[in-house]
Structures are given as C-alpha cells and as structure tokens.
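# Structural overview
This is what each chain is made of:
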Amino acid sequence: MMKTLTRLDLSDILHGCAILGTGGGGELDEGFHYIDKALEAGKTFNLISVENVPAGKNICTPYMLGALTPMSEEEELQYKRLPKADKSSIMTAFKRLEQYTGDEFYGTICCELGGSNTAISFYVAAMANGYIIDADVAGRAVPEITHSTYYFNDIPAAPIVTANEFGECFICENVIDDLRAESVVRALSMISRNDIAAIDHAMPIEQVKDAVIKGTISKSLAIGQAYRKAKEQNKDIADEIANHGEGYVAFRGIVTEFSFKTQDGFTLGDVYIDGTGEYVSNRYHIEVKNENLVSRLNEEVDVTIPDLICCLDMDTLTPITNPNFSQQMNVAIVVLPAPKEFTTERGLEAFGPAYVGLKMPYIAAVERHFKNNRYKNIK
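If you're wondering where the values come from, they're calculated on a predicted model, not measured in any experiment.

## Focus: the overall build of the protein chain
Looking only at helices and strands, the protein chain features 12 helices and 17 strands. Projecting the C-alpha coordinates of the protein chain onto the three principal axes gives extents of approximately 65 × 50 × 40 Å. The burial tally for the protein chain puts 58% of its 379 residues in the buried class. A sequence separation of at least 24 residues applies to 74% of the contacts in the protein chain between residues at least 6 apart. Here the protein chain has roughly 15800 Å² of accessible surface; of this, 48% comes from carbon and sulfur atoms. Distance from the positive charge centre (35 side chains) to the negative charge centre (53 side chains) of the protein chain: 2 Å.

## Some words on the sheet that holds strand β10 (residues 248-263)
Note on sheets: strands pair through backbone hydrogen bonds, and any given pair is parallel or antiparallel. One open sheet holds the eight strands; their spatial order is β14-β13-β12-β11-β10-β17-β15-β16, and the pairing between them is antiparallel. Each edge of the open sheet carries a strand with a single partner, namely β14 (300-304) and β16 (318-319). Pairing of strand β15 (residues 308-313) with strand β17 (residues 330-336) involves six bridges; the strand directions are antiparallel. Looking at the pairing, Leu308 lines up with Leu336 of β17.

## Some remarks on the environment of His15
In this fold, His15 is placed in helix α1 (residues 7-20). His15 sits 206 residues away from Leu221 along the chain, and the two C-alpha atoms are 8.2 Å apart. When near neighbours in sequence (up to four residues on either side) are disregarded, His15 contacts Leu28, Phe32, Tyr227 and Pro319.

## Things to note about the packing of α1 against helix α9 (residues 216-232)
Two numbers describe how α1 lies on α9: the axes approach to 7 Å, and their chain directions differ by 95 degrees. Looking at the two axes, α1 sits roughly perpendicular to α9. Contacts from Leu8, Asp9, Asp12, Ile13, His15, Gly16, Cys17, Ile19 and Leu20 in α1 reach Ile217, Ser220, Leu221, Ile223, Gly224, Gln225, Tyr227 and Arg228 in α9. Across the contact of α1 with α9, the residue classes break down as nine nonpolar, five polar and three charged.

## Considering the pairing of β17
Put simply, side chains in a regular strand alternate between the two faces of the sheet. Counting buried residues in β17 gives six out of seven residues, a clear majority hidden from the surface. Here six bridges tie β10 to β17, and the two strands are oriented antiparallel to one another. Considered in β17, the bridge of Phe251 is made with Ile333.

Conventions we followed
- Residues numbered from 1 in each chain as written.
- Predicted model: local features only at pLDDT ≥ 70, side-chain atom pairs only at ≥ 80, totals over all residues.
- Heavy atoms only, no water.
- Helix = DSSP H or I, 4+ residues; strand = E, 2+ residues; numbered from the N terminus.
- Buried < 20%, exposed > 50% of the residue type's maximum accessible area, 1.4 Å probe, protein only.
- Contact = heavy atoms within 4.5 Å.
- Areas by Shrake-Rupley, 256 points an atom, 1.4 Å probe, with all protein chains shown as cover.
- Lys, Arg positive; Asp, Glu negative; His and termini not counted.
- Charge placed at Lys NZ, Arg CZ, Asp CG, Glu CD.
- Pairing = 2+ DSSP bridges.
- Axes fitted to C-alpha atoms, helices over the stretch in contact; angles between N-to-C directions.
- Parallel < 35°, antiparallel > 145°, perpendicular 65-115°, else oblique.
- Nonpolar A, V, L, I, M, F, W, Y, C, P; charged D, E, K, R; others polar.

Rendered as structure tokens:
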C-alpha cells in the first residue's frame, strides 16, 4: 500500500517523532523548513511499507549528525572565511551519492525518529521523486551510528557520502563497520560546525528489509495524531501520549536546575525537576547525551536506555528538545517501551545501561511500572 501524506499528516508525524526522539533528533522548526521547501517545489511525500518495495530497488539512509548546543563566538571565527553553499548539504550529499554509485534510488529509510532528522530523510525522498519507506533503524532518536539495527545485523554503512554547509563533500570508502563509521563521520562533523549531512547504507532493499524496524513512521503518525487531538480536546497530553505509546507518566514537576556542554561532538547535560502534585517532595534527574539516556528518582536509577524518556512542556504543550530547558518550566516525563530490537543481547550491548556507565542489568521500566504500580504515594 502507498499513502500520499498531507501537510497535516506530515505535521502529525514530525510531532510524533519529536516526542519519540527523547530530546534529540533535531528541532521541529528545521524539520518543517525542509517539508515546506519540498511542498513549495511541488513535490509529494509518498509513504510505502517495506514489503511493498520491489526487489532490486535501491534505498539509502540520509541524516544530519552533530551536537545540539550552539558554538561559542571564538569557535565560530574559524568558519568565518568559508563560503556558504547555496544548496542544502543533504542534497549535495545525495547528488554526489548518485554520481558515485551510478545508481537510482527508489526511496529513503530514516536513521532515527526526530523532529528534524526524519524530515530530512523525507525531504530527500520527495526531492528525488522517490518514496519514504515506513521504517527506521532506531525507533527513537539515538546519539551514535552504532545505535541502529543496521549495526546489530552487521550491515556495512560504506560508502558514506557526507557534505557540510560550506559545500565540502567527503566520500568515505572501505569503512569496516558502523563503529568505525561513527568515529569517521563524527570527526567530519566536528570540523563542520558540529553539523554534517551524511547518507549511508545505499543498497538494494532485500539487503536491509529484515534489518529495520518496520512501521515506525505510521507509529509516529498515530502518536502525533493522539497528541494533536489531546490539545484540541483539552485533554492531558502526557496521559494521552502515554496511553497511545503503551507507556506511563513517570513524573511531573518544575525544572529547577540544568546544565549543558559540548564535548567530543556530543551535547552532554543534566536536568533536575522538583516534583509537584502527587510527586511533591521528590526529585527527578535526567542525564543527557544528545538524547535523554537515564533518569533517576531521588538519585536512584529509575529508567535507562533503550527505554524512551520523553519530556513535555505542559505550559506550551510541546515536546522538549535538548538543550531547550528553562528555569521553572512545568514538565511531565512520559516513559515509553524500547523497540524490541534494542532489548536483544546485541541491542543492549550497544545501547543499554553499560553505555551510560551503569553496572546493572536492563529492566524494562514499563513492565515494572504496570507490575508494581510503583508511583502511588511515593515519598
């Protein structure tokens, strides 16, 4: 089945992706910039399931990689003399990929779910008159290339074509695996104002069809629709997202402290929330590496990756992306279950508690919550 997405569908998908992005995956306004640019060019966004992609058709995975925090004035100076390209860096990379491989591409698969990165993948598909494949390889947003079902299935990323806002293009050949790809592309990002466009995993659909998480764009659409309808009907958005995402509301409170910094090409940070209502006299702490990776309740570990820790601004009724917190922000934390592909031995090895330095087994927070109903009358 093929579905042509309306502007409302696209809006719902991007909002759903921003929620599922757990603080990462890029800014919504940037995502809408790409969507509207393609619509203004008369392009359409056609969504197709993995199963309906004809055998032998080539797909690729476009994305942006970098840090989320702004650069200092001193850091910006080193880029001042470089000319800005008039084309988007992602399309520069895509055109170079076509030239390099000599292939035509039927469609794109997202590297993750996020307000901007999902839209960028959609944009490439639309501008190339191709298809958006209803799948991604993370089921959320993630910090590194290795946090991907491509990596878990040993599918090589190379050749990787990258481009930056200055029109510089880099082709990476013979990259042994995604672990090495992460180092290479991250290094290129760090010399490109912490923001680089990349396209990888360019290959026939049959090589990747069983190594992706199917239906995640449709899932994002459903979450986004639930979020929009909750706002329209004055329902609690946190409760509605939790219900539709098969998760739960973990905490509500006021942001009292936060700090962010850029280190090794990542945005690292901590956010502290003092409880309100039934959560009063309790404190929640979220640790960030681009995305929200671990949370603590009264400094005891509460939720860890690969589960999704989603932050919502309950005054503006919007998903919060890092590092966009402010003092006294009224927030709700919704926890959603990890994609099952990430709870395998290989998935947890790459993106489980050990990744954030915790020497503890992964415990599925949603299962634990519904088993214990543990948040009643916490003190």
